[in-house]
Amino acid sequence: MINKKFWKNKRVLITGHTGFKGGWLSVWMNILGAKISGYSINPITKKNFFDITKIKQIFHKDYRSNIQDYKDLEACIKETKPEIIFHLAAQPQVLVSYDNPLDTVATNVIGTSNLLEISRNYKFIKSIVIITTDKVYQNDERKVKFTEKDHLGGDDIYSASKACSDIISNSYFKSFFQSSKCGIATARAGNCVGGGDWTKYRILTDAVEAFAKDKDLKIRNPKTVRPWQHVLEPLYGYIILAQKIYTNKNKRYCTSWNFGPSRKINISVLSFAKILKSKMNSKSKLLVSKKTDKKEKKNLDLDSKKAIKDLGWKSFLSINDTLKLTAEWYLANIKKKNMYNFSVEQINQFLKIKNDL
Ligand SMILES: NC(=O)c1ccc[n+]([C@@H]2O[C@H](COP(=O)([O-])OP(=O)(O)OC[C@H]3O[C@@H](n4cnc5c(N)ncnc54)[C@H](O)[C@@H]3O)[C@@H](O)[C@H]2O)c1
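Residues numbered from 1 in each chain as written. Predicted model: local features only at pLDDT ≥ 70, side-chain atom pairs only at ≥ 80, totals over all residues. Heavy atoms only, no water.

Visitor: How would you sum up the overall build of the protein? Please name residues and give values.
Guide: In terms of regular secondary structure, the protein is built from 13 helices and 12 strands. Relative to a compact globule of 357 residues, whose C-alpha radius of gyration would be 21 Å, the protein shows 19 Å and is just as compact. Seen through its principal axes, the protein has C-alpha atoms that stretch 55 × 45 × 40 Å. Once local pairs closer than 6 in sequence are excluded, the contacts in the protein between residues at least 24 apart make up 80%. In the structure as shown, the protein presents an accessible area of about 15,900 Å², 51% of it carried by carbon and sulfur atoms. Side-chain charges in the protein split into 63 positive and 33 negative, and the spacing between the mean points of these groups amounts to 4 Å. (Helix = DSSP H or I, 4+ residues; strand = E, 2+ residues; numbered from the N terminus. Rg over C-alpha atoms; globule rule 2.2 N^0.38 Å. Contact = heavy atoms within 4.5 Å. Areas by Shrake-Rupley, 256 points an atom, 1.4 Å probe, with all protein chains shown as cover. Lys, Arg positive; Asp, Glu negative; His and termini not counted. Charge placed at Lys NZ, Arg CZ, Asp CG, Glu CD.)

Right, here's the structure in full:
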């Protein structure tokens, strides 16, 4: 369970706060009364969660700089003195990594290393959660569920860069943090959906834009099965994990954690589009387009038993509820509602279903 007293006035740094997941996490931290700062470059897309929810005002400090810039990152950490860091800043896309391989590596690998190297020197930091991905596993498409003990790898640059980020976090922890008061863990989640994501090449972005205007939707890789999950599900896991690392001095939580959806929610891209279309009451037609020649893995599944047993975390939203929450957010935005308040309501709704309010 989230301990509300624990989070009150905690100094928290979120890298990637201008992004989709970092934005939702910032709103959640604000509800909990944490003193939040952010470090990121500007939002990548024109429409984005950060601007639409107008969350700039909830940050104690809002740093805009590159995670590759060691000096700027250190200045931010020195000034904001975080006790807890959630590291989400990343180039998060497989397809973009084919076009910008070096920048992907620099951001995801060097960026993570910068953060860890700086964190070695500041005793006020007690808990660091490095957000990687389900794509860190060497995926031979054998349709098995990956456990935290499986081999890491990556046939595309994004996956490899996140696997490196995961490995280097573990190395930093074992080399420099074992006897310090700070703990580090890595968190691996699946394909997140939820309101406020306009990232290029993601099915959600294309679908929402098409369905809102009843336009045809072209679907690439319709049979690809993904572990979809509502963004609030893994974020709940990251929050519990950061709390446990902070409060347990014995480092038992300083390891890797899968936060995947239950198997029932693993559906194809085509089924995903059909359900979302119905939730948005759209008249759009679904057209299956030719497959992209740039490779993305077709099957990916996580085993989250460890997080269920040791953290008391569990993915519980059905695909129906996941896409209902998602559709309602975009529909509310079209109706020009106050999207900060609407996002807070959705977090409370989520906690109510989860019985943790
Ligand atoms: N969205 C998903 O389905 C998903 C799934 C698994 C893992 N992840 C991971 O979660 C994290 C957040 O992903 P997201 O979906 O919110 O992506 P996003 O693109 O919405 O957000 C990325 C954030 O990182 C920042 N950023 C990018 N490059 C940077 C740089 N060089 N320096 C500083 N900041 C930089 C962006 O400004 C943004 O704030 C990433 O680490 C991603 O790999 C996402």
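Visitor: Mind laying out the packing of helix α10 (residues 269–279) against helix α12 (residues 319–334), listing which residues take part and the relevant values?
Guide: Helix-helix packing: each pair is described by the crossing angle between the helix axes and the interaxial distance. Two numbers describe how α10 lies on α12: the axes approach to 9 Å, and their chain directions differ by 50°. On the basis of the axis angle, α10 is oblique to α12. Between α10 and α12 the crossing geometry is right-handed. On α12, the residues that touch F272, I275, L276 and K279 of α10 are I319, N320, L323, K324, A327 and L331. Looking at side-chain class alone, the contact of α10 with α12 contains seven nonpolar, one polar and two charged residues. (Axes fitted to C-alpha atoms, helices over the stretch in contact; angles between N-to-C directions. Parallel < 35°, antiparallel > 145°, perpendicular 65-115°, else oblique. Left-handed = near helix turned anticlockwise from the far one by under 90°. Nonpolar A, V, L, I, M, F, W, Y, C, P; charged D, E, K, R; others polar.)

Visitor: Please set out the pairing of strand β9 (residues 225–230) residue by residue, giving values where relevant.
Guide: Of all six residues that make up β9, five are buried, and the element is covered over most of its length. As paired elements, strand β7 (residues 191–193) and β9 share three bridges and run parallel to each other. Paired with N191 across the bridge in β9 is W228. Bridge count for β9 against strand β11 (residues 266–268) is three bridges, and the pairing is antiparallel. Bridge pairing in β11 links R226 to I267. (Buried < 20%, exposed > 50% of the residue type's maximum accessible area, 1.4 Å probe, protein only. Pairing = 2+ DSSP bridges.)

Visitor: Tell me about the sheet that holds strand β10 (residues 256–259), residues and numbers included.
Guide: With respect to topology, seven strands assemble into an open sheet ordered β3-β2-β1-β4-β5-β6-β10, the strand pairing being parallel. Edge strands, defined here as strands with exactly one partner in the open sheet, are β3 (61–64) and β10. Between one strand axis and the next, the sheet turns through 15° on average, direction left out of account. Across four bridges, the pairing between strand β6 (residues 183–189) and β10 is parallel. Within β10, the position partnered with A187 by the bridge is W257. The sheet strands contacting helix α2 (residues 20–31) are β1 (11–15), β2 (35–40), β4 (84–87), β5 (127–131) and β6, and the helix crosses β1 at an angle near 165°.

Visitor: Break down the site of the ligand for me, citing the residues and quoting the values.
Guide: Not every one of the 26 residues close to the ligand is listed here, only the nearest: T18, I67, Y158, K162 and C192. Contacts to the ligand include G16, whose backbone N or O atom sits 3.3 Å from an oxygen atom. The contact in question runs from an oxygen atom of the ligand to an N or O atom on the backbone of I41, over 3.1 Å. Summarising the interface, the protein chains cover 95% of the accessible area of the ligand, which totals 830 Å² for the free molecule. Those elements giving two or more residues to the shell around the ligand turn out to be α2, α7 (157–177) and β7. The residue inventory of the shell around the ligand, partitioned by class, reads 11 nonpolar, 12 polar and three charged. (Near = heavy atom within 4 Å. Polar contact = N/O pair within 3.5 Å; in protein donor to acceptor, adjacent residues only side chain to side chain.)

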